[in-house]
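Structural description and commentary
The lines below spell out each chain.
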Amino acid sequence: MILAGFAMDKFTFRSVLTACGSLLTLGEGKQIHAYVISTDHHKDNEFVGSALVDMYSKCKSIKSAETVFERMTQKNM
């Protein structure tokens, strides 16, 4: 998608992270997380934060899920 010149937004990140969680692809999810951080889409964004917590939880990386949750400024419970 990026190579094709399309910009990603919070909805795209949420969809991709949800897919990573469903497929249990932790490595790809971590790569998306790193990209999210590099593009500042993680700041004050409950959609992306919730998707990250969900992805890490489904991939059984509970410590990472907890860390993301603790760093979220807006929590969607």
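These notes cover the structure that comes with them. The shown structure was predicted, so the numbers you read here are calculated from the model rather than taken from an experiment.

On to the packing of aromatic side chains, then. The final tally for this structure, using the stated rule, is two aromatic pairs. Between the aromatic rings of Phe11 and Phe47, the centroid separation amounts to 5.7 Å while the plane-to-plane angle is 50 degrees, which identifies the pairing as tilted. On the criterion of sequence distance, the pair formed by Phe11 in helix α1 (residues 10–23) and Phe47 in helix α3 (residues 46–58) is long-range, its members being 36 residues apart. The exposure class of Phe47 is partly exposed, given its relative accessible area of 29%. Measuring from centroid to centroid gives 5.9 Å for Phe13 and Tyr35, while their planes differ by 45 degrees, and the two rings are tilted. Of the two residues, Phe13 is situated in helix α1 and Tyr35 in helix α2 (residues 26–38); the sequence distance between them amounts to 22 residues. Here Phe13 falls in the buried class, since its relative accessible area comes to 0%.

Any two side chains of opposite charge can pair if their charged atoms end up close together. Scanning the model with the defined rule gives one salt bridge in all. Note that Asp54 is salt-bridged to Lys58, the shortest N-O span being 3.3 Å. Within this pair, Asp54 and its partner Lys58 are both found in helix α3, separated by four residues, close to a single helical turn. Asp54 gets classed as partly exposed once you look at its relative accessible area, which sits at 29%. A relative accessible area of 34% places Lys58 in the partly exposed class.

On the surface, a nonpolar cluster with roughly 410 Å² of combined accessible area is contributed by Met1, Ile2, Phe6 and Tyr35. One can find Phe6 in the segment before α1.

A few words now on the state of the cysteines. Across all of its chains, the model carries zero disulfides by this definition. Its sulfur unpaired, Cys20 is 7.3 Å from the next cysteine sulfur, which belongs to Cys59. For Cys20, a relative accessible area of 7% corresponds to the buried category. Cys59 sits in the buried class, given a relative accessible area of 14%.

Reading guide: rules and limits
Residues numbered from 1 in each chain as written. Predicted model: local features only at pLDDT ≥ 70, side-chain atom pairs only at ≥ 80, totals over all residues. Heavy atoms only, no water. Phe/Tyr/Trp six-rings, centres within 6.5 Å; stacked < 30°, edge-to-face > 60°. Helix = DSSP H or I, 4+ residues; strand = E, 2+ residues; numbered from the N terminus. Buried < 20%, exposed > 50% of the residue type's maximum accessible area, 1.4 Å probe, protein only. Salt bridge = Lys/Arg side-chain N within 4 Å of Asp/Glu carboxyl O. Patch = residues over 30% accessible without salt bridge, like charges linked within 9 Å, V, L, I, M, F, W, Y side chains within 5 Å. Areas by Shrake-Rupley, 256 points an atom, 1.4 Å probe, with all protein chains shown as cover. Disulfide = S-S within 2.5 Å.

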